[in-house]
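# Working through the structure, step by step
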Amino acid sequence: MDEDIWYIFKGDELLLYSASRPRLPHSSEVAPLASSSVRSGKLSMGCREAFWAEVPSDLPIPSKMVPMGLREVGALLGEETFAEAGRAFQIMNWYRRAFFCVSCGAPLRDSSDDHARECTSCGSIFYPPISPAVIVAVERDGKILLARNVRFPPGRYSVIAGFVEPGESLEETVRREVREEVSLEIRDLQYFGSQSWPFPHSLMVGFTAHWASGEIQVDGKEIEDAGWFAPDEMPDLPQGVSISRKLIEHFRSAHAPHEG
Ligand SMILES: [Zn+2]
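Note that this is a predicted model, so its numbers are computed, not measured.

Calculation notes
Residues numbered from 1 in each chain as written. Predicted model: local features only at pLDDT ≥ 70, side-chain atom pairs only at ≥ 80, totals over all residues. Heavy atoms only, no water. Donors = N, O, S within 2.8 Å, 3.2 Å for Na, K, Ca; no water. Tetrahedral: all angles 85-135°; square planar, octahedral: opposite > 155°, others 65-115°. Buried < 20%, exposed > 50% of the residue type's maximum accessible area, 1.4 Å probe, protein only. Phe/Tyr/Trp six-rings, centres within 6.5 Å; stacked < 30°, edge-to-face > 60°. Lys NZ or Arg CZ within 6 Å of the ring centre and 35° of its normal. Domains from an automatic or database assignment. Salt bridge = Lys/Arg side-chain N within 4 Å of Asp/Glu carboxyl O. Helix = DSSP H or I, 4+ residues; strand = E, 2+ residues; numbered from the N terminus. Expected span 1.5 Å × (residues − 1). Contact = heavy atoms within 4.5 Å. Polar contact = N/O pair within 3.5 Å; in protein donor to acceptor, adjacent residues only side chain to side chain. Pairing = 2+ DSSP bridges.

Before going further, it helps to spend a moment on the coordination of the zinc ion. In the first shell of the zinc ion, the protein supplies Cys 101 (SG), Cys 104 (SG), Cys 119 (SG) and Cys 122 (SG), at 2.3 to 2.4 Å from the metal. Because the angles between the four donor atoms bound to the zinc ion fall within 98 to 119°, the donor set is best described as tetrahedral. Taking the relative accessible area as the measure of exposure, Cys 104 reaches 42% and is therefore partly exposed.

Applying the stated criterion to the full structure yields eight aromatic pairs. Here a set of aromatic residues connected by ring pairs shows up, and it is made of Phe 82, Trp 197 and Phe 199. Looking at Arg 71, its charged tip hangs above the ring of Phe 199, at a distance of 3.9 Å from the centre. The ring of Trp 211 has Arg 140 lying over it, and the distance from NZ or CZ to the ring centre is 3.5 Å.

Moving on to the domain arrangement of the chain. Entries for the chain in the domain assignment read domain 1 (5-97), domain 2 (98-128) and domain 3 (131-254). Put simply, the middle of domain 2 and the middle of domain 3, counted by C-alpha atoms, are 36 Å apart.

Before going further, it helps to examine the pattern of salt bridges. One pass over the full model with this rule turns up 20 salt bridges. A salt bridge links Asp 110 to Arg 117, with the nearest nitrogen and oxygen atoms 2.8 Å apart. Judged by relative accessible area, which is 47%, Asp 110 ranks as partly exposed. Of the charged contacts in the structure, one is a salt bridge between Asp 236 and Arg 156, with a shortest N-O distance of 2.9 Å. Of the two residues, Asp 236 is situated in the loop between strand 14 (223-229) and helix 5 (243-254) and Arg 156 in the loop between strand 10 (143-149) and strand 11 (160-163); the sequence distance between them amounts to 80 residues.

Relative to the 16 Å expected for 12 residues at 1.5 Å per residue, helix 5 spans 16 Å between its end C-alpha atoms, a close match to the ideal helical length. For helix 5, the complete set of buried residues consists of Ile 243, Ser 244, Arg 245, Leu 247, Ile 248 and Phe 251. Buried residues along helix 5 sit in contact with strand 9 (131-140), strand 10, strand 12 (185-197), strand 13 (202-213) and strand 14.

Inspection of the secondary structure assignment puts Arg 140 in strand 9. For Arg 140 and Gly 162, which are 22 residues apart along the polypeptide, the C-alpha to C-alpha distance reads 21 Å. Among all residues touching Arg 140, those that are not within four sequence positions of it are Trp 211, Gly 214, Glu 215 and Trp 228. There is a polar contact of 3.3 Å between the side chain of Arg 140 and the side chain of Glu 215.

Let us now look at the environment of Val 136. Secondary-structure assignment places Val 136 in strand 9. Sequence separation between Val 136 and Phe 192 is 56 residues; the distance between their C-alpha atoms is 8.7 Å.

It is worth spelling out the sheet that holds strand 6 (residues 108-110) at this point. Paired through their backbone hydrogen bonds, the strands of a sheet run either parallel or antiparallel. Pairing is antiparallel across the open sheet formed by three strands, whose spatial order is 6-7-8. The two strands at the open ends of the sheet, each matched to only one other strand, are strand 6 and strand 8 (125-126). Here strand 7 (residues 117-119) runs beside strand 8; their pairing, made up of two bridges, is antiparallel. Opposite Glu 118, over in strand 8, you have Ile 125 as the bridge partner.

Here it is, written out as structure tokens:
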């Protein structure tokens, strides 16, 4: 059986064991840290034992540990570890906040359900929140629609995304977001895949689609620029293990020039 692993958070960063290549630490390597945690718990994940813990933000980091953001963890240790670390983060982050009932204000206690908290007074049960969002790669004549969100770093473009609103189907959200952000209508909407996105608790649901009508007109609020990009003229793209990057790479590989 595999050794157990620990996801130890200091603030929003994960503490990795700094071997020649940083990796997730085992029990024997985190004993002093785990004992000074403010909160901790067990994660059910596959066949190996996994635990999460949060240590005080002012705790000195032991010399053999190195702090790392979740995106960097994904870039360094791959998609599977990114997903597990994201799960650990969301649960840790939930226990950080779930102290009082939003219905009656009484304190919460752990419920017998996994990762649920229940009200000590009115009995309401609360679970870690998950916010569904859609993300879509729209294609027109061999080019992909990429847009610049006002919050992106300079030069960065990506596919259109947005949160699901109450009462909407995922398909309706995709059509509304594309309409609102760039004034286009789409057709041939197809499911692509999904990804948990722990910033702080999204579930990204990916689609592909084709342009149907309209010309790009950005909303000027969320989106400051957008355009159609050929596979060989890409701007700066999201890095790492994101589904946005996967959608763009899927488009590029489907339109790669034939070699030879
Ligand atoms: Zn209550």
